[in-house]
Structure formats: C-alpha cells, structure tokens
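Listed below, chain by chain, are the residues.
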Amino acid sequence: MNSSHKTPEHDASITGPIDHTEEFVRLLGQTRRHRFAYLMSLMNDRNDVEEVLQETDLVLWRKFDDFEWGTNFTAWSCRVAFNQMRAWRQKQQRSRLQFSDEFLTAVATQLDTQTDRYDQRLENLRACVRSLPERHRQLIDQRYTEGEKIESIATRTGRSLDAVYRMLSRIRDSLRNCVTRKMNAGVTS
C-alpha cells in the first residue's frame, strides 16, 4: 500500500490486524448490490451489466492498494464501475442506441448524490432502531434480521397474528417518521 494511505488497521470499523484479501472480499460483497444497481441505471441489459460488473470487480482487485482507507468504498467502486462501463461502451460502438458521455456523466453524478443520500438514510435508520424500546428492537430483529415468520412470533409471544402485524406496522411507521425527521434536519446517526 502507498504510505500516504491509511491501512485497514487504522480504519475505525476494523479491529485488529486484517488480511487485505479478506477485507477486500468483505467490502466487495457488501457493496456488490450497489454497483449492480448503479450499472443497471446506466445500461439497459442485465447480461451487459453482469459483464461490466465482472470486469469492474477485477479492476477493483487490481487497484485495491489505491483505495484510501477512511473514504467511501461504495463511491470509489462505483467510479471504477462507471469507467468500466464507458470502456465497455467503446467496444460496443456497433450498437444503434448509444448515450453520449455527457448524458452518462450527468446520470452518474445524479446517482452519486442518491448513493450518498441512501447511505445517510441507512445510518439514520440504524440510529432510529437503536432508539427503539428494547422489546420493539427485539421484534424488529426477530422479523427482519433473523427472518422469523410472523406466525412463529405470534405463537412464541402468545399474541394474535393481527396484534403482531399491527405492532410491526406501528414500529415501521415510527422508524419511517424518525428517519424522515433526521433527514429533514440533516442529521446523520
């Protein structure tokens, strides 16, 4: 790694010595859905997106030492994906439908803004979940993290199915309102 870059050992989200390969694979897996959605918004064919995504992942691996720790891996990987999409487009000039580089740059800029907003919403959601009463956090965790069926929750807690549905609905409304308030106030976490 370049000496000007922070190593993973200095990244606040990483504790202890980390194998760079292991960390790369973790980050790549966590952000793949973002890159896929990003490319889908710029291209109109899922197979083409998969092809560009594979090339992007190879370039990310080759350039992983260039990644600056403490910055946004998702944003960095999407910039690489954008450049790979442009290179792919140059190879596909025989296609009749081509968007100009200016148009694609404008779309990419808009998507970058939306990615930042999505990340901010996610952080605010995490903070809102942490502020829930313990029993509500447990219910949310059981349903959405562990994937427990509502019928099972109702049976285990001795509540009716309707009561569990209503409780989850109220909690989701509360979380939605909390996130909206934080977003409107410009608060992160």
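As the structure is a prediction and not an experimental result, all values here were calculated from the model. (Residues numbered from 1 in each chain as written. Predicted model: local features only at pLDDT ≥ 70, side-chain atom pairs only at ≥ 80, totals over all residues. Heavy atoms only, no water.)

### Concerning the overall build of the protein chain
Looking only at helices and strands, the protein chain has seven helices and zero strands in total. Reading the secondary structure of the protein chain in the N-to-C direction produces α-α-α-α-α-α-α. The proportion of buried residues among the 189 residues of the protein chain is 35%. Considering only intrachain contacts with a sequence separation of at least 6, the fraction spanning at least 24 residues in the protein chain is 63%. By element, 49% of the accessible surface of the protein chain is carried by carbon and sulfur atoms, the whole surface being about 12000 Å². (Helix = DSSP H or I, 4+ residues; strand = E, 2+ residues; numbered from the N terminus. Buried < 20%, exposed > 50% of the residue type's maximum accessible area, 1.4 Å probe, protein only. Contact = heavy atoms within 4.5 Å. Areas by Shrake-Rupley, 256 points an atom, 1.4 Å probe, with all protein chains shown as cover.)

### A look at the pattern of salt bridges
Evaluated as defined, the whole model comprises nine salt bridges. When the shortest N-O distance is used, the salt bridge between aspartate 57 and arginine 35 registers 3.3 Å. Placement of the pair is aspartate 57 in helix α2 (residues 46-62) and arginine 35 in helix α1 (residues 20-42), with a sequence separation of 22 residues. The shortest N-O distance in the salt bridge between arginine 176 and aspartate 173 comes to 2.4 Å. You can see arginine 176 and its partner aspartate 173 sitting in helix α7 (residues 161-185), three residues apart, about one turn around the helix. Among the residues examined, aspartate 173 registers a relative accessible area of 33% and is labelled partly exposed. Connected via shared salt-bridge partners are Arg32, Arg35, Glu50 and Asp57. (Salt bridge = Lys/Arg side-chain N within 4 Å of Asp/Glu carboxyl O.)

### Some thoughts on helix α5 (residues 134-145)
Buried within α5 we find His136, Leu139, Ile140 and Gln142. Along the long axis of α5, the arc covered by the buried residues comes to 165°, so they all point the same way. Of the surrounding elements, those touching the buried residues of α5 are α6 (150-157) and α7. Among the residues trailing α5, glycine 147 stands out with phi positive, at a value near 75°. (Arc of directions from axis to C-beta.)

### Quick word on the side chain of glutamate 23
Relative to the helices and strands, glutamate 23 resides in helix α1. Side-chain polar atoms of glutamate 23 contact the side chain of arginine 26, separated by 2.5 Å. (Polar contact = N/O pair within 3.5 Å; in protein donor to acceptor, adjacent residues only side chain to side chain.)

### Considering the state of the cysteines
Scanning the model with the defined rule gives one disulfide in all. Here cysteine 128 connects covalently by a disulfide to cysteine 178, the sulfurs 2.0 Å from one another. Sign of the S-S torsion, about -85° for the bond between cysteine 128 and cysteine 178, identifies this disulfide as left-handed. In this pair, cysteine 128 sits in helix α4 (residues 101-130) while cysteine 178 sits in helix α7, placing the two residues 50 residues apart along the sequence. (Disulfide = S-S within 2.5 Å.)

### Focus on the packing of aromatic side chains
The full count for this structure, using the stated rule, is four aromatic pairs. Between the aromatic rings of phenylalanine 73 and tryptophan 76, the centroid separation amounts to 5.6 Å while the plane-to-plane angle is 50°, which identifies the pairing as tilted. Taken together, the residues span about one helical turn, with phenylalanine 73 and tryptophan 76 both in helix α3 (residues 73-91) at a distance of three residues. Connected via pairs of aromatic rings, a cluster forms that spans Phe24, Trp61, Phe64, Phe73 and Trp76. (Phe/Tyr/Trp six-rings, centres within 6.5 Å; stacked < 30°, edge-to-face > 60°.)

### Observations concerning the environment of arginine 170
Within the secondary structure, arginine 170 sits in helix α7. Note on arginine 170: relative accessible area 49%, which makes it partly exposed. Taking the C-alpha atoms as reference points, arginine 170 and histidine 136, 34 residues apart in sequence, are found 9.9 Å from one another.

### Section: α1
The terminal C-alpha atoms of α1, which comprises 23 residues, lie 30 Å apart, in line with the 33 Å expected from a rise of 1.5 Å per residue. Maximum bend of α1: about 50°, positioned at threonine 31. Looking only at α1, the buried set comprises Glu23, Phe24, Leu27, Leu28, Thr31, Arg35, Phe36, Tyr38, Leu39 and Leu42. On its buried side, α1 packs onto α2, α3 and α4. (Expected span 1.5 Å × (residues − 1). Bend = angle between axes of the 7 residues up to and from the residue.)

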